[in-house]
Amino acid sequence: IPFTSYKQIANAVTINGGGTITFDGANGSGFFQVSASAHVTLKGLSMVRGSYLGGVRAIENFGTLTLDHARMVNNNSSARGPVLNFGSLSVRWSTFSNNAGTATDADGGAIENDSGQLHVVASTFNGNSAGRNGGAIYSNFSFSVANSTFNANTANAGGAIYQQGTGISTVDFA
């Protein structure tokens, strides 16, 4: 399903792709901006080639967002991470492959957690890159990662994960 512009979500929404639906940003559009009032679950979806071109990243979260059995592949942002979190983001049984924050000061090749809460469980991060910190995940606030795999992610600092700032960070069995 082609995306030519991102969609704003301000309510409770669940999109279940059943493992068969792919959203394609064609390197010209992001997918979703989740408002502070929203509770959103994206399940069984693939989101590919989402791009930041001065609007929204592949996904921007200000509310409560769950990525469940989601695939984020070949998304990029010239500034910051392709998935930018200011709210509460839970990632479960999901895959992030070949995503990039391409600017020399970009943090978080797959996810940038900027003052939000981030929880990652049983997920895979492969081949993501950031121009500065956190090839897969950058966080400046509390986060937890459990039972997840990180492979071939690159950045100037923190190839897999880079944490700075405040909050409690927990990584178990990664």
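This text goes with the structure placed above it.
### Details of the pattern of salt bridges
Taken as a whole and judged by the stated rule, the model has 6 salt bridges. Taking the shortest distance from any N to any O, the salt bridge between Glu-112 and Arg-80 comes out at 3.1 Å. Here the residue Glu-112 occupies a position in strand S14 (residues 111–113), and Arg-80 occupies one in the loop between strand S9 (76–77) and strand S10 (83–85), the gap between them amounting to 32 residues. With relative accessibility at 27%, the residue Arg-80 sits in the partly exposed group. Residue Arg-132 pairs with Asp-107 through a salt bridge whose shortest N-O separation is 2.9 Å. Here Asp-107 lies in the loop between strand S13 (100–101) and S14 and Arg-132 lies in the loop between strand S17 (129–130) and strand S18 (137–139), a separation of 25 residues in the sequence. Taken together, the shared-partner salt bridges connect Arg-80, Glu-112 and Asp-114 into one network.

### Quick notes on the nonpolar core
One finds Leu-42, Met-47, Leu-67, Phe-96 and Ile-111 to be the most contacted residues of the largest nonpolar core, which totals 30 residues. When contributions to this core are tallied by element, the ones reaching two or more residues are strand S3 (32–34), strand S4 (39–48), strand S7 (64–68), strand S11 (88–92), strand S15 (117–121) and strand S19 (143–146). Looking at this core, the element that brings in the most residues is S4, giving 4 residues. Contacts of Phe-96, omitting those with residues within four sequence positions, involve Leu-67, Met-72, Val-83, Val-91, Ala-110, Ile-111, Thr-124, Phe-125, Asn-126 and Asn-128.

### Quick notes on the pairing of S11
Only one face of S11 is buried: it carries Leu-89 and Val-91, and the other face, with Ser-88, Ser-90 and Arg-92, is open. Looking at chain direction, S7 and S11 are connected through 5 bridges and run parallel. Each bridged residue has a counterpart across the sheet, and for Asp-68 the counterpart in S11 is Arg-92.

### Examining the packing of aromatic side chains
Here the structure, examined in full by the defined rule, presents 8 aromatic pairs. Note on Phe-3 and Phe-23: the rings are 4.8 Å apart at their centroids and 55° apart in plane angle, and the pair reads as tilted. In this pair, Phe-3 sits in the segment before strand S1 (7–9) while Phe-23 sits in strand S2 (residues 12–24), placing the two residues 20 residues apart along the sequence. With respect to class, Phe-3 is no different from Phe-23; both count as buried. Seen from their ring centres, Phe-96 and Phe-125 are 4.9 Å apart, and the 5° between their planes marks the pair as stacked. Highlighted residues: Phe-96 in strand S12 (residues 95–97) and Phe-125 in strand S16 (residues 124–126), separated in sequence by 29 residues. Taken as a pair, Phe-96 and Phe-125 share a single burial class, namely buried. Ring-pair connections join several aromatic residues into one group, and the members of that group are Phe-3, Phe-23, Phe-31 and Phe-32. Here Lys-7 stacks its cationic end above the ring of Phe-3, 5.1 Å away from the centre of that ring.

### Overview of unusual backbone geometry
Look at Arg-49: it is not a glycine, yet its phi comes out positive at around 55°. Residue position: Arg-49 is located in the loop between S4 and strand S5 (51–52). Residue classification places Arg-49 among the partly exposed positions, given a relative accessible area of 33%.

### Quick word on the sheet that holds S3
Adjacent strands of a sheet pair through backbone hydrogen bonds, lying either parallel or antiparallel. Spatially, S1-S3-S6-S10-S14-S18-S21 is the arrangement adopted by the 7 strands of the open sheet, whose pairing is parallel. This sheet does not close on itself; its edge strands, each paired only once, are S1 and strand S21 (161–163). Along the sheet, successive strands turn relative to each other by an average axial angle of 10°, direction set aside.

### Remarks on the sheet that holds S13
In spatial order, the strands read S5-S9-S13-S17; together these 4 strands make up an open sheet with parallel pairing. Across the chains shown, the open sheet's two edge strands, defined by having one partner strand only, are S5 and S17.

Conventions we followed
- Numbers given to residues run from 1 along each chain, matching the order in which its sequence is written.
- Only residues with pLDDT of at least 70 get local features here, since the model is predicted, and only at 80 or more are side-chain atom pairs given and counted; chain-wide, interface and lining totals rely on the full set of residues.
- The side-chain figures draw on all heavy atoms in the structure; neither hydrogens nor water molecules are used.
- By definition here, a salt bridge exists when the distance from a side-chain nitrogen of Lys or Arg to a carboxyl oxygen of Asp or Glu is within 4 Å.
- Helix and strand definitions follow DSSP, with helices as H or I runs of at least four residues and strands as E runs of at least two, each counted in order from the N terminus.
- With a 1.4 Å probe rolled over the protein chains alone, any residue whose accessible area is under 20% of its type maximum counts as buried; one over 50% counts as exposed, and the rest are partly exposed.
- Side-chain atoms within 4.5 Å are what join buried Ala, Val, Leu, Ile, Met, Phe, Trp, Tyr and Cys residues into a set we call a nonpolar core.
- Two residues form a contact once any of their heavy atoms are found within 4.5 Å.
- DSSP calls a pair of strands paired once it identifies at least 2 bridges connecting them.
- Under the pairing criterion, centres of Phe, Tyr and Trp rings, with the six-membered ring standing for Trp, must be within 6.5 Å; the plane angle then separates stacked pairs below 30 degrees from edge-to-face pairs above 60, leaving the rest tilted.
- We count a charge as sitting over a ring when the NZ of a lysine or the CZ of an arginine lies within 6 Å of the ring centre and within 35 degrees of the ring normal.
- To obtain an axis, a line is fitted to C-alpha atoms, over the contacting stretch when the element is a helix, and the angle between two such axes runs from 0 to 180 degrees between their N-to-C directions.

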